[in-house]
Amino acid sequence: IEKKAKNITQNIGDANGTTANAGDVIEYALTTSNYGQGESKNTILKPEQLSDVLEYADIDLSSLDGGVYESSTQTIAWNKHVTIKPGQSVTKTFRVKIKDPIPQTLRPYNQPGGSFDMILTNVYGNTIDIKLPTTVLKTTETVTTALPNTGPGEALVIGAGLTTIIGYFFARS
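Residues numbered from 1 in each chain as written. Predicted model: local features only at pLDDT ≥ 70, side-chain atom pairs only at ≥ 80, totals over all residues. Heavy atoms only, no water.

A. Molecular detail of the pattern of salt bridges. Within this structure, the stated rule accounts for four salt bridges. One salt bridge in this structure joins Lys6 and Glu27, with 3.7 Å as the shortest N-O distance. Of this pair, Lys6 sits in strand β1 (residues 2-7) while Glu27 sits in strand β2 (residues 25-33); the two residues are 21 residues apart in sequence, bridging distant segments of the chain. Between Glu39 and Lys85 there is a salt bridge, and its shortest N-O distance comes to 2.9 Å. One end of the pair, Glu39, is in the loop between β2 and β3 (40-43); the other, Lys85, is in the loop between β8 (82-84) and β9 (89-98), with 46 residues separating them in the sequence. If you follow the salt bridges from partner to partner, you end up with Lys6, Glu27 and Arg95 in one network. (Salt bridge = Lys/Arg side-chain N within 4 Å of Asp/Glu carboxyl O. Helix = DSSP H or I, 4+ residues; strand = E, 2+ residues; numbered from the N terminus.)

Set out below in C-alpha cells:
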C-alpha cells in the first residue's frame, strides 16, 4: 500500500513536503498493489485514518470514490470487496480542503507528527507531510521597567478604608 498527494489548487503533482495555503484542495490517492503470484480475492482495502489531517482541513464527502466516511473515528473505509490480479493495483482517491482561515493552534515545543503541529501528516504505507503556513504565536506580554509605585499615601488610604469598615461593623454590633 502507498499514498500520494496532489495540491490541486497550486497544481503541484507531488505535494509531499510542500506548503499548502488556506483554501487549497489536496487530493490523496491510496494505492493497493498485488505483487504476489496469485489473485487477491475478496480483498477489503485498508481504512484511511484522517484525524491529523482533519485538524486543519475539511473532507469533501462527494470525492470519496466509493468510500464511507465515519465521523466518530475520522476514517474512510472502502467496504466493497475487490479482486486484485497479480501485478495490478487498485487506487482510491479523496479530497480535503484546507480550512480558511487556518486554525492557529500550534502548540509550542510540539514534536513533528504530533497533534496540532501545523503539518498534515498522513500514513498509508508511506508518510505524506504537507506543511501549513504559521504565524507568530499569539501571546500577551507586557514589559515593565519597574514595579508600580505604591508608597505611604496609598498605604494610608487603604488603612483608612479598612479602619472605617471595621469601625462600622464594630459600632453596629
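B. Looking closely at unusual backbone geometry. Of note, the bond from Asp100 into Pro101 is cis; its omega dihedral lies within 30 degrees of zero at 5°. Tracing the backbone through its elements, the reader meets Pro101 in the loop between β9 and β10 (119-124). Its identity as a non-glycine residue notwithstanding, Asn11 has a phi of 55°, on the positive side. Relative to the helices and strands, Asn11 is located in the loop between β1 and β2.

C. Focus on the sheet that holds strand β6 (residues 68-70). Pairing is antiparallel across the open sheet formed by three strands, whose spatial order is β4-β7-β6. Each edge of the open sheet is held by one strand with a lone partner, namely β4 (48-49) and β6. In this structure, β4 lies alongside strand β7 (residues 75-77), joined through two bridges in antiparallel fashion. From the neighbouring strand, Glu48 faces β7, where its bridge partner is Ile76. (Pairing = 2+ DSSP bridges.)

D. A look at the packing of aromatic side chains. In the structure shown here, the tally under the stated rule is two aromatic pairs. Residues Tyr28 and Phe94 carry aromatic rings whose centres are separated by 5.3 Å and whose planes lie at 25° to one another, so their mutual orientation is stacked. Highlighted residues: Tyr28 in strand β2 and Phe94 in strand β9, separated in sequence by 66 residues. By relative accessible area, Phe94 is classed as buried at 0%. Ring centres of Tyr168 and Phe169 lie 5.3 Å apart, and the angle between their planes is 70°; on these two criteria the pair is classed as edge-to-face. For Tyr168, a relative accessible area of 49% translates into the label partly exposed. Between the NZ or CZ atom of Lys3 and the centre of the ring of Tyr28, over which it lies, the distance is 4.8 Å. (Phe/Tyr/Trp six-rings, centres within 6.5 Å; stacked < 30°, edge-to-face > 60°. Buried < 20%, exposed > 50% of the residue type's maximum accessible area, 1.4 Å probe, protein only. Lys NZ or Arg CZ within 6 Å of the ring centre and 35° of its normal.)

E. Representation of the pairing of strand β11 (residues 126-131). Bridge count for β10 against β11 is six bridges, and the pairing is antiparallel. Within the sheet, the bridge partner assigned to Val123 lies in β11 and is Thr127. Hairpin connection from β10 to β11: one residue lie between these consecutive antiparallel strands, with Gly125 at a positive phi of about 85°.

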